[in-house]
There are 2 protein chains.
Amino acid sequence: MMISKVVKPQYLIRHFSTVGGKVPTTPTPEFPGEYREPKVKTVIPGPQSLDLYKKLNAVQDPRATHFFADYSNSRGNYIADVDGNILLDLYCQIASIPIGYNNPELIKAAKSDKWISAIINRPSLGVLPPKEWPSIIQNSFMAVAPKGLHNYPLAAHEKENRAEEDRCLAEVEHLIKTWHIPVAGLIVEPIQAEGGDNWATPYFFQQLRDLTKRHGVSMIVDEVQTGMGATGKFWAHDHWNLSSPPDIVTFSKKMQAAGFYHNIEFRPSESYRNFNTWMGDPLRALELEVVVEQIKKNHLLDNVAITGKYLKDGLDEFQTRFPHLLRNVRGLGTFLAFDLPSPQIRDQIVNSLRAKGVETGGCGTEAIRMRPMLICQPNHINQFFDRFDTTLKEIKK
Amino acid sequence: MMISKVVKPQYLIRHFSTVGGKVPTTPTPEFPGEYREPKVKTVIPGPQSLDLYKKLNAVQDPRATHFFADYSNSRGNYIADVDGNILLDLYCQIASIPIGYNNPELIKAAKSDKWISAIINRPSLGVLPPKEWPSIIQNSFMAVAPKGLHNYPLAAHEKENRAEEDRCLAEVEHLIKTWHIPVAGLIVEPIQAEGGDNWATPYFFQQLRDLTKRHGVSMIVDEVQTGMGATGKFWAHDHWNLSSPPDIVTFSKKMQAAGFYHNIEFRPSESYRNFNTWMGDPLRALELEVVVEQIKKNHLLDNVAITGKYLKDGLDEFQTRFPHLLRNVRGLGTFLAFDLPSPQIRDQIVNSLRAKGVETGGCGTEAIRMRPMLICQPNHINQFFDRFDTTLKEIKK
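Values in this document were obtained by computation on a predicted structure and should not be read as measured data.

### Some remarks on the domain arrangement of chain A
Residue and element names in this part refer to chain A.
Now for step 1: You can read the domains of chain A as domain 1 (153–256) and domain 2 (299–342 + 384–397).
Now for step 2: Each of domain 1 and domain 2 has a C-alpha centre, and these two points are 25 Å apart.
Now for step 3: At the junction of the two partners, domain 1 supplies 15 residues and domain 2 supplies 11 residues.
Now for step 4: Taken together, the two surfaces of domain 1 and domain 2 that pack against each other cover about 1,100 Å², and 68% of this comes from carbon and sulfur.
Now for step 5: Among the residues of domain 1 in contact with domain 2, D197, W199 and A230 are the three that bury the most area, contributing 39% of the side total.
Now for step 6: Between the two partners, domain 1 and domain 2, sit zero salt bridges.
Now for step 7: Linking domain 1 with domain 2 are five residue pairs in polar contact (both at pLDDT 80 or more).
Now for step 8: Class assignment for the residues of the side of domain 1 that touches domain 2 results in five nonpolar, eight polar and two charged.

See the structure below:
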């Protein structure tokens, strides 16, 4: 837990637009009872957070802690801390909150008998599944199962990366051919998130799919971080237009539950081969039901596409204005990132943004990643731009 | 999912005691609104279960399924199925239900704002823990943290196993001394559960602790299945009277959350070494708070000791009466098991008991393991004895 400098509250809501004035609207309604802007009262972490840090340290490793949150006072895109600060959250529990803190639809659902039974009677799903289980699966995981073939938007850097991508593909094929045992599977993230938001074009993934097919290697797409709408489509691989669907797709985070989709031929020949006590959690499947409903009802994929374009255009403009600081603005939807000149400057910016009431996170050695919720809208992005502008000017000095 | 023969309901509650008439009482109150006995209406799995099996098969591997449960109609020690059958549950979701289905204290807690916030705002605990987290940990995990030094009851077969245990200890020491790299840790279950409820005496574990200390090897006690009171003490290793506490103790199942206790010297030198997105689930820690409260308030460890003795005495008597069927009745508290002559006869007995309304489970190649909840009382055991008696007589024929 790093201690930031005290920054007095210094922001008034003002119109801020990097792209010539017009803030786009989206079909998504406002989050009921959401805060209007971040509110910073103390250093972050504040005195109460520091006190709790000491208490936690007695029983658990607390060193990765940013601050202690007050979840009952968090709302929509804003996270409250124990010292009364309100932060715009663009990190979202490492990209795992889909539809906002204290979403009223989730509160309503949590009070239902169906949810309460799922919470307090946790079953061994492989042995004694609840009678509702087949229909819960249909309404949650299967309602958003990857399909495989979709249109895709051409990515901007496609041409310039072609040579490097071809080199990488040749290397993969060489490895598969020469490995000392047959290669069973190949796992790939659509955007390599923790590694620094490294990404490749649809061309690359199309070639990779054909290459794996050619050599009888299963293609596993790891959508733990990219899945669930953040790229503007439900699955990032929906952008690729593959010749045949991936063999396995993994998920977690915004899905509220971790697991994988697979084709029937990947079912083990014998029962109990892939087994543990709980085999999942019905509660988290019920939660996914509500989240999927909300994504559809409130047009959250459209919202992500519009907000993502607005965020990307703004970051591009920041890159033009601060070329000595920002490089490589990249990504899809709101799943965006950019590089800073060094890990130190990156950390300085993350801390400075936090001190101003915006929670972000790094990835790779010197990138900042944007991981807003699916309900993040252009007006929230403006609050970020405002504070980002001040931060970059401070760094400049 | 195996299909049992139809067995018409054939039981009336009657006084059944294997040990000369007196059924002991325990300080634990009756579970409010619990069923009085099992009630079997159909074959198990019944037609509704079979129908759901087909539906589930379309989207998930259902082959380990016993039947589909109706959790909203399950109460205390009894699990309801989708076909209207009520079974006494001595398997308990592979030993993971501590204080009964639809426990009213858990229902009450699940409706509280504290729980609802924990359910719908799932944090990245390593990064942004809730302000309640240090106190939740104190009231849940730390309230039952292993202590190390305790009295222990002498085990029955201690003398006859001494030679074998000494052989095993010598073998372990030889392996540690001759392994091609230094041995970092040794992991051991107090009773090797899935493997067939194999167990060793306190002498064995005392020697093992001293041996690991002698060679600088960490001793990890895996209490996933044995922890949380089933042996009549909170941790099975509380029975051992070790010269120094284990270095690491793992837990899961009845604790509602999986994890491990460790000493401060096992904290990684750097942050983020042992890390993932969620790092646990506050909901399950809150659940443990309630369970621990109930264990204390309702004297559930005493209940387990009394019920366990009653169950063990009864099984010993069955062993005397059916020596060609039952062997090696063993265990501590209600964590008991016995061997049958073959895997086939074991499965036949498990299926026959299920058809009569008692859910049990096998372990190892030919054992049946008893894994009742902490609230299981002698009157429930009588219902099992009753049906077990009939089953063994049927097998005899």
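### Focus on the interface of chain A and chain B
Now for step 1: Taken together, the contacts link 69 residues of chain A with 69 residues of chain B.
Now for step 2: For the pairing of chain A and chain B, the buried interface totals around 6,100 Å² over both sides, and the portion due to carbon and sulfur atoms is 60%.
Now for step 3: On the chain A side of the interface with chain B, the three residues burying the most area are I120, L128 and K131 of chain A, jointly 12% of the side's total.
Now for step 4: Linking chain A to chain B there are four salt bridges.

### Side note on the relation of the copies chain A and chain B
Now for step 1: For these two chains of identical sequence, chain A goes onto chain B by a turn of 180° and a shift of 0.0 Å along the axis, with RMSD 0.0 Å. Considering both components of the superposition, the chain copies are consistent with a two-fold axis. When C-alpha distances to the rotation axis are compared across chain A, the minimum falls at K111 of chain A, with a value of 3.1 Å.
Now for step 2: In this assembly, 100% of the residues forming the interface of chain A have copies in chain B that are likewise at the interface, indicating an isologous arrangement.

### Focus: the sheet that holds strand β6 (residues 218–222) of chain A
All names here are of chain A.
Now for step 1: With mixed pairing, four strands are arranged side by side in an open sheet as β3-β6-β7-β8. Unpaired on one side and paired on the other, β3 (185–188) and β8 (259–262) mark the two borders of the sheet. On average, adjacent strands in this sheet sit at an angle of 20° to one another, irrespective of strand direction.
Now for step 2: Pairing between β6 and strand β7 (residues 248–251): three bridges, direction parallel. When the bridges of β7 are listed, D222 appears paired with T250.

### Section: the packing of aromatic side chains
Now for step 1: Scanning the model with the defined rule gives 32 aromatic pairs over all chains in all.
Now for step 2: Geometrically, the ring pair formed by Y35 of chain A and Y78 of chain A is edge-to-face, given 6.1 Å between the ring centres and 80° between the ring planes. Remark: Y78 of chain A occurs in strand β1 (residues 78–80) and Y35 of chain A occurs in the segment before α1 (47–57); sequence separation between them is 43 residues.
Now for step 3: Since its relative accessible area comes to 0%, Y78 of chain A is described here as buried.
Now for step 4: Ring geometry for F384 of chain A versus F385 of chain A: centroids 5.8 Å apart, planes at 40°, classification tilted. Pair check on accessibility: F384 of chain A and F385 of chain A agree, each one buried.
Now for step 5: When the ring centre of W278 of chain A is taken as reference, the NZ or CZ atom of R122 of chain A above it lies at 4.2 Å.
Now for step 6: Taking NZ or CZ as reference, R371 of chain B lies 3.6 Å from the ring centre of F335 of chain B, over its face.

### Topic: the side chain of R330 of chain A
Residues and elements named next belong to chain A.
Now for step 1: Mapping R330 onto the fold places it in strand β9 (residues 327–332).
Now for step 2: At 2.7 Å, the side chain of R330 and the backbone oxygen of G196 are in polar contact.
Now for step 3: At 2.7 Å, the side chain of R330 and the backbone oxygen of N328 are in polar contact.

### Section: the pairing of strand β2 (residues 86–89) of chain B
Residue and element names in this part refer to chain B.
Now for step 1: Neither face of β2 is left uncovered, since the one carrying I86 and L88 and the one carrying L87 and D89 both have all their residues buried.
Now for step 2: Two strands pair when backbone bridges link them, and strand β1 (residues 78–80) and β2 are joined in this way by three bridges, in the antiparallel orientation. Across the sheet, Y78 pairs through a bridge with L88, a residue of β2.
Now for step 3: Two successive antiparallel strands, β1 and β2, enclose a turn made up of five residues, where G84 displays a positive phi of approximately 90°.
Now for step 4: In this structure, β2 lies alongside strand β11 (residues 358–359), joined through two bridges in parallel fashion. The residue of β11 that forms the bridge with D89 is E359.

### Focus on the nonpolar core
Now for step 1: Within the largest apolar cluster, 145 residues are counted, with the highest numbers of intra-cluster contacts made by W115 and M255 of chain A together with W115 and M255 of chain B.
Now for step 2: Setting aside its immediate chain neighbours within four residues, M255 of chain A contacts F141, V144, M228, F234, W235, Y261, R284 and L288 of chain A.

Calculation rules
Residues numbered from 1 in each chain as written. Chains lettered and ligands numbered in written order. Predicted model: local features only at pLDDT ≥ 70, side-chain atom pairs only at ≥ 80, totals over all residues. Heavy atoms only, no water. Domains from an automatic or database assignment. Contact = heavy atoms within 4.5 Å. Buried area = accessible area lost by both parts, 1.4 Å probe. Salt bridge = Lys/Arg side-chain N within 4 Å of Asp/Glu carboxyl O. Polar contact = N/O pair within 3.5 Å; in protein donor to acceptor, adjacent residues only side chain to side chain. Nonpolar A, V, L, I, M, F, W, Y, C, P; charged D, E, K, R; others polar. Least-squares fit on C-alpha atoms with pLDDT ≥ 70 in both. Pairing = 2+ DSSP bridges. Helix = DSSP H or I, 4+ residues; strand = E, 2+ residues; numbered from the N terminus. Axes fitted to C-alpha atoms, helices over the stretch in contact; angles between N-to-C directions. Phe/Tyr/Trp six-rings, centres within 6.5 Å; stacked < 30°, edge-to-face > 60°. Buried < 20%, exposed > 50% of the residue type's maximum accessible area, 1.4 Å probe, protein only. Lys NZ or Arg CZ within 6 Å of the ring centre and 35° of its normal. Core = buried A, V, L, I, M, F, W, Y, C linked by side-chain atoms within 4.5 Å.

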